[in-house]
Amino acid sequence: MEETKTQDQTDARAVRKARVGRVVSDKMNKSIVVKTQVNKAHAQYGKIELRSTRYMAHDEKNEAKLGDLVRIVETRPLSARKRWRLIEIVERAK
């Protein structure tokens, strides 16, 4: 009996987290470190905090350089720390 995918299963597969950030390290082969920043209000006091997170991403062609603004997307585990993949270079470093 052939199994058909429902609309919910198809939508869940297509949704992947994406982030935009700056390349802070490109010294590895086929890997980059991307730093993303987000403004978040403190839960109790309401003061705006700048929070940052570093992601290790796969760069197959070694095309991203230090300071580039890039878009990364979540993917399957590629190594012990790499769970993100480079999609595009939004803006080149000056």
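Above this note sits the structure.
The paragraphs below set out a description of the structure included in this document. Source: prediction; values computed, not measured.

Okay, the overall build of the protein chain next. Each helix and strand counted, the protein chain has 1 helix and 5 strands in total. The linear arrangement of helices and strands in the protein chain, starting from the amino end, is α-β-β-β-β-β. A burial count over the protein chain gives 24% of its 94 residues as buried. The long-range share in the protein chain, meaning contacts at least 24 apart out of those at least 6 apart in sequence, stands at 49%. Element-wise, carbon and sulfur atoms account for 48% of the exposed surface of the protein chain, whose accessible area totals about 7,400 Å².

With that out of the way, let us pick up the pattern of salt bridges. Taken as a whole and judged by the stated rule, the model has 5 salt bridges. For glutamate 49, the salt bridge identified is with arginine 51, shortest N-O distance 3.0 Å. For glutamate 49, a relative accessible area of 27% gives the class partly exposed. Arginine 51 sits in the partly exposed class, given a relative accessible area of 43%.

Attention now goes to the environment of serine 52. Turning to its location among the elements, serine 52 is positioned in strand β3 (residues 48-58). For serine 52, a relative accessible area of 42% translates into the label partly exposed. Taking the C-alpha atoms as reference, serine 52 lies 9.7 Å from glycine 21; in sequence the two are 31 residues apart. Setting aside anything within four residues of it in sequence, one finds serine 52 in contact with Lys35, Thr36 and Gln37.

What follows is about the pairing of β3. For strand β2 (residues 31-41) and β3, the ladder comprises 11 bridges, and the chain directions are antiparallel. By the bridge assignment, glutamine 37 is partnered in β3 with serine 52. The pairing of β3 with strand β5 (residues 84-91) spans 2 bridges and is classified as parallel. Residue histidine 58 lies in a different strand from β5, and its bridge partner there is arginine 85.

You can see lysine 82 is positioned in the loop between β4 (69-74) and β5. It turns out lysine 82 is buried and unbridged, and the closest side chain with the opposite charge, glutamate 60, is 7.5 Å from it. Engagement of the side chain of lysine 82 in a polar contact is seen with the side chain of serine 31, the distance being 2.9 Å. Leaving out residues up to four positions away in the same chain, lysine 82 has contacts with Lys30, Ser31, Met56, Ala57, His58, Arg76 and Pro77.

Another point: the sheet that holds strand β1 (residues 18-25). Taken together, 5 strands build a closed barrel; the order of strands is β1-β2-β3-β5-β4 and the barrel is mixed. Within the sheet, the average angular offset between the axes of one strand and its neighbour, ignoring direction, is 45°.

How each quantity is defined
Residues numbered from 1 in each chain as written. Predicted model: local features only at pLDDT ≥ 70, side-chain atom pairs only at ≥ 80, totals over all residues. Heavy atoms only, no water. Helix = DSSP H or I, 4+ residues; strand = E, 2+ residues; numbered from the N terminus. Buried < 20%, exposed > 50% of the residue type's maximum accessible area, 1.4 Å probe, protein only. Contact = heavy atoms within 4.5 Å. Areas by Shrake-Rupley, 256 points an atom, 1.4 Å probe, with all protein chains shown as cover. Salt bridge = Lys/Arg side-chain N within 4 Å of Asp/Glu carboxyl O. Pairing = 2+ DSSP bridges. Lys, Arg positive; Asp, Glu negative; His and termini not counted. Polar contact = N/O pair within 3.5 Å; in protein donor to acceptor, adjacent residues only side chain to side chain. Axes fitted to C-alpha atoms, helices over the stretch in contact; angles between N-to-C directions.

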